[in-house]
Amino acid sequence: MEFADFVAARGRALYRYGYVLTGNADDAADLTQEALARLGGAWLRVRKREDPEGYVRTTMARLHVSTWRRLRRERLVAAVPEGSYTEDRLGGDAGLWNELKGLPPRQRAVLVLRYYEDLSDQEIADLLGVSRGTVRSQAARALDKLRVRAAALEKERV
C-alpha cells in the first residue's frame, strides 16, 4: 500500500479520531494533518511494520497531549464555586439526544447523518435534497445552538 492510498482510505477515520481528541473541527484537521505529515516522513519504516494506522493514532494522541500541556493554564477565580463539578454536562447519551430534539428538524437530521451515520456532506445533501452548502450551514448553525445551550447549562450550574 502506498502513502496516498492509505491517506485516501483512512483519512476520514483519522480526522474523526482527531475530532474526538480535540472536540474542535479545526484543531482536528490540524492534528490529523500534522500526524499524517510525520507519517509521510516515516512511511517506508512504518509500512514494514504493517500497522501505519496505529502509528498515526499514537502520534495524534501524543501531539494532542503535548499541545494540551503547552496551552493548559490555571484559571483563578475570585470565589470558590458552591456546586460540585461533573464532567458530564448533558447527562450522557440521553442528555445529548434530548438536546438534539430541541433543534429544528433539518439541523437535527444533518447532525445525525454527519456524526452518527458518518455520511459526507455530499451524501447528506443528496439524501435530503439540498445543496452541499446548505448541509454545511445547517450543521454550523446546529452546532452553534448546541454550544449556546451547553454554555447556558454551565452558567446555571455555577
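Let me begin by describing the structure that accompanies this report. On a predicted model such as this, the values are computed, not experimentally measured, just so you know. (Residues numbered from 1 in each chain as written. Predicted model: local features only at pLDDT ≥ 70, side-chain atom pairs only at ≥ 80, totals over all residues. Heavy atoms only, no water.)

**Regarding the overall build of the chain**
The criterion, for reference: Counting from the N terminus, the helices are DSSP H or I runs at least four residues long and the strands are E runs at least two residues long. The cut-offs for exposure are 20% and 50% of the maximum accessible area for each residue type, with area from a 1.4 Å probe on protein chains only; residues under the lower value are buried, those over the upper are exposed, and the others partly exposed. Should any heavy atoms of two residues lie within 4.5 Å, those residues are considered in contact. Per-residue accessibility takes into account occlusion by the displayed protein chains alone, with areas from the Shrake-Rupley method and a 1.4 Å probe.
Looking only at helices and strands, the chain has 8 helices and 0 strands in total. Reading the helices (α) and strands (β) of the chain from amino to carboxyl end gives α-α-α-α-α-α-α-α. For the chain, with 158 residues in total, the buried portion stands at 25%. The long-range share in the chain, meaning contacts at least 24 apart out of those at least 6 apart in sequence, stands at 56%. Approximately 11,300 Å² of the chain is accessible, and the part contributed by carbon and sulfur atoms is 52%.

**Things to note about the packing of helix H1 (residues 3-22) against helix H2 (residues 25-41)**
How we decide: All axes here are fitted lines through C-alpha atoms, helices being fitted over the stretch that makes contact, and every angle between N-to-C directions spans 0 to 180 degrees. Any angle that falls under 35 degrees is termed roughly parallel, while one over 145 is termed roughly antiparallel, one within 65 to 115 roughly perpendicular, and all others oblique. By convention the crossing between two helices is left-handed if the near helix lies anticlockwise of the far one by an angle smaller than a right angle, and right-handed if it lies clockwise. Lys, Arg, Asp and Glu make up the charged group, whereas Ala, Val, Leu, Ile, Met, Phe, Trp, Tyr, Cys and Pro make up the nonpolar group; the residues left over, Gly among them, are polar.
At their nearest, the axes of H1 and H2 sit 8 Å apart, and the two run at 140° to each other. By the criterion of interaxial angle, the relationship of H1 to H2 is oblique. Seen along the crossing, H1 lies across H2 with a hand that is right-handed. Contact residues: Phe3, Phe6, Val7, Gly11, Leu14, Tyr15, Gly18, Tyr19, Leu21 and Thr22 in H1; Ala25, Asp27, Ala28, Ala29, Leu31, Thr32, Leu36, Leu39 and Gly40 in H2. In terms of residue class, the contact of H1 with H2 is made up of 13 nonpolar, 5 polar and 1 charged.

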